[in-house]
Amino acid sequence: MTDRVLLDEGDWKSITSSSPSSALRSVRVMEAAKTRARGDLDDLSEFSMQKHAQSTHPILSTVQPCLSEEKVAREDINTLTFDDFIERYERRSIPCILNNAAVDWPAVRDKRWTPKALYEKHRHRKFRCGEDDNGKVVNVKMKHFLRYMKSQQDDAPLYIFDSMFDDEIGGKTPCPIKEDYTIPSFFAEDLLSLVGEHRRPPYRWFLLGPRRSGTTIHVDPLSTSAWNTLVYGLKRWVLMPPDVAKEVAKSDDLVDKEQLEDNESVDYFLKILPRLKKKQGEVFSSRIIEFFQFPGETVFVPSNWWHAVLNVQDSCAVTHNYASSGNFDRVWLATRTERRGMARKWLRVLRKERPELARQADILNERDHWCEYEERRKHSINKERRKSTRNTSEPASSESSDSEDEEVAV
Ligand SMILES: O=C(O)CCC(=O)C(=O)O
Ligand SMILES: [Fe+2]
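One structure accompanies this document, and this report is about it. (Residues numbered from 1 in each chain as written. Chains lettered and ligands numbered in written order. Predicted model: local features only at pLDDT ≥ 70, side-chain atom pairs only at ≥ 80, totals over all residues.)

1. Some details on the overall build of the protein
Regarding its fold elements, the protein presents 14 helices and 13 strands. Relative to the 2.2 N^0.38 estimate, which gives 22 Å for 410 residues, the radius of gyration of the protein is 23 Å and therefore close to what a compact globule would have. Overall, the protein is about 65 × 55 × 50 Å in size when its C-alpha atoms are taken along their principal axes. Across the 410 residues in the protein, those meeting the buried criterion constitute 35%. Partitioning the contacts of the protein with sequence separation of at least 6, the portion at a separation of at least 24 is 80%. (Helix = DSSP H or I, 4+ residues; strand = E, 2+ residues; numbered from the N terminus. Rg over C-alpha atoms; globule rule 2.2 N^0.38 Å. Buried ≥ 20, exposed ≤ 12 C-beta atoms within 10 Å, placed from the backbone. Contact = placed C-beta atoms within 7 Å.)

2. With respect to the site of ligand 1
The full set of residues close to ligand 1 is Trp205, Leu207, Gly214, Thr215, Asp220, Ala226, Asn228, Lys235, His307, Val309, Ala317 and Thr319. Those elements giving two or more residues to the shell around ligand 1 turn out to be strand S6 (204-209), strand S7 (214-218), strand S8 (225-232), strand S12 (306-311) and strand S13 (315-322). Classifying every residue of the shell around ligand 1 by side-chain character gives five nonpolar, five polar and two charged. (Near = placed C-beta within 6 Å. Nonpolar A, V, L, I, M, F, W, Y, C, P; charged D, E, K, R; others polar.)

3. Here we look at helix H2 (residues 20-37)
Because the α-helix completes a turn every 3.6 residues, residues three or four places apart line up on one side. When the terminal C-alpha atoms of H2 are compared, their 26 Å separation across 18 residues agrees well with the 26 Å that a helix rising 1.5 Å per residue should span. When H2 is considered as a whole, its buried residues turn out to be Ser26, Met30, Ala33, Lys34 and Ala37. Take H2 and look down its axis: the buried residues cluster within an arc of 100°, on one side only. Of the exposed residues in H2, those oriented more than 90 degrees away from the buried face are Pro20, Ser21, Leu24 and Arg28. Buried-residue contacts for H2 involve strand S3 (126-131), strand S4 (137-141) and helix H6 (142-151). (Expected span 1.5 Å × (residues − 1). Arc of directions from axis to C-beta.)

4. Some points on the sheet that holds S12
Taken in spatial order, the four strands make up an open sheet running S7-S12-S9-S10, and their pairing is antiparallel. Each edge of the open sheet is held by one strand with a lone partner, namely S7 and strand S10 (289-293). The mean angle between the axes of side-by-side strands here comes to 15°, regardless of whether they run parallel or antiparallel. Pairing of strand S9 (residues 235-240) with S12 involves six bridges; the strand directions are antiparallel. The residue of S12 that forms the bridge with Arg236 is Leu310. Across the face of the sheet, helix H9 (residues 265-280) comes into contact with S7, S9 and S12 while running at roughly 110° to S12. (Pairing = 2+ DSSP bridges. Axes fitted to C-alpha atoms, helices over the stretch in contact; angles between N-to-C directions.)

Below you can see the structure in the form of structure tokens.
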């Protein structure tokens, strides 16, 4: 049994054999998607100004490379026990790579996510590959994206990053992609599901990335941890510990706009990261973890670790963010400040379903005098609102995009 899906010529065949008119239509659709998704670029020619597609830089080579020293442990999910995983990695917040978590997935076993299979089964289904400047989702049909993926020469191509879920909430057909994999056993606990599928923030994504696409440096929301399994392709990762300051990790000051660089993952790996390591020196650089993720491997990213990912080859993966008993304290601290309304509901349900964790949240809240702080905060917001409704006929606008989370009724 193999857990590695390797693509060959045949996997791309059906994608190229379209008629000239449908090929042209795909070009037009993708041009429109690119224009919308990258409002920061003035015109389509800017997508290939840096000429990364022609570059011979070793970081962009698709030939399997070897990093001199990879500071990440590789474990086999069949031999590492769950308790050891929690003890050695989740609780201590140490990243690792797990092997053999996806052997039985239809996506792997039945090769359901190869370009050919995606084309055959999902070519008319739309997938999300970006957002415009107004926050509106940019969706394209799979057939257009696959044709683009096959031929694109962009510096930082569009990337399908689809939560496989929006359709369901809208009452439309659920995305069948989520039938093609199962959650690896170590990540089965999913505490945020307790707030309900409709209330919880997006937490799972199907990723289809042409080479040179990627995700630039970030931490995942609400201090959740993540797992990311690569089905085929090759991903290059960099991780930095949670105590690295945002300004250092992002290093916007090291982006040379004059040289047409921007904040895309490809620029981060090629330009920013080498400058950052040089600027910060040996001690800092020794704490950075860099590695390649090969097909069949699952990367575990603990809460609050900075990470950036570059698809060195055309890649297909799935990733989930989660809260578990192992990272509960960190997720609770983030959720109570960033999603107040949702946190209240979460705590109510935890009291019934997981009283020991609710108690844990109470202890953290008592430690930080959180309830007194919240009372004071509600009081001052209500006071402000009363003042502003007296002064205008309009209701006061909420600072938060999630107004429900800003409700202040005591
Ligand atoms: O592009 C990737 O594989 C990384 C995805 C990721 O970090 C995320 O979804 O938060
Ligand atoms: Fe992430």
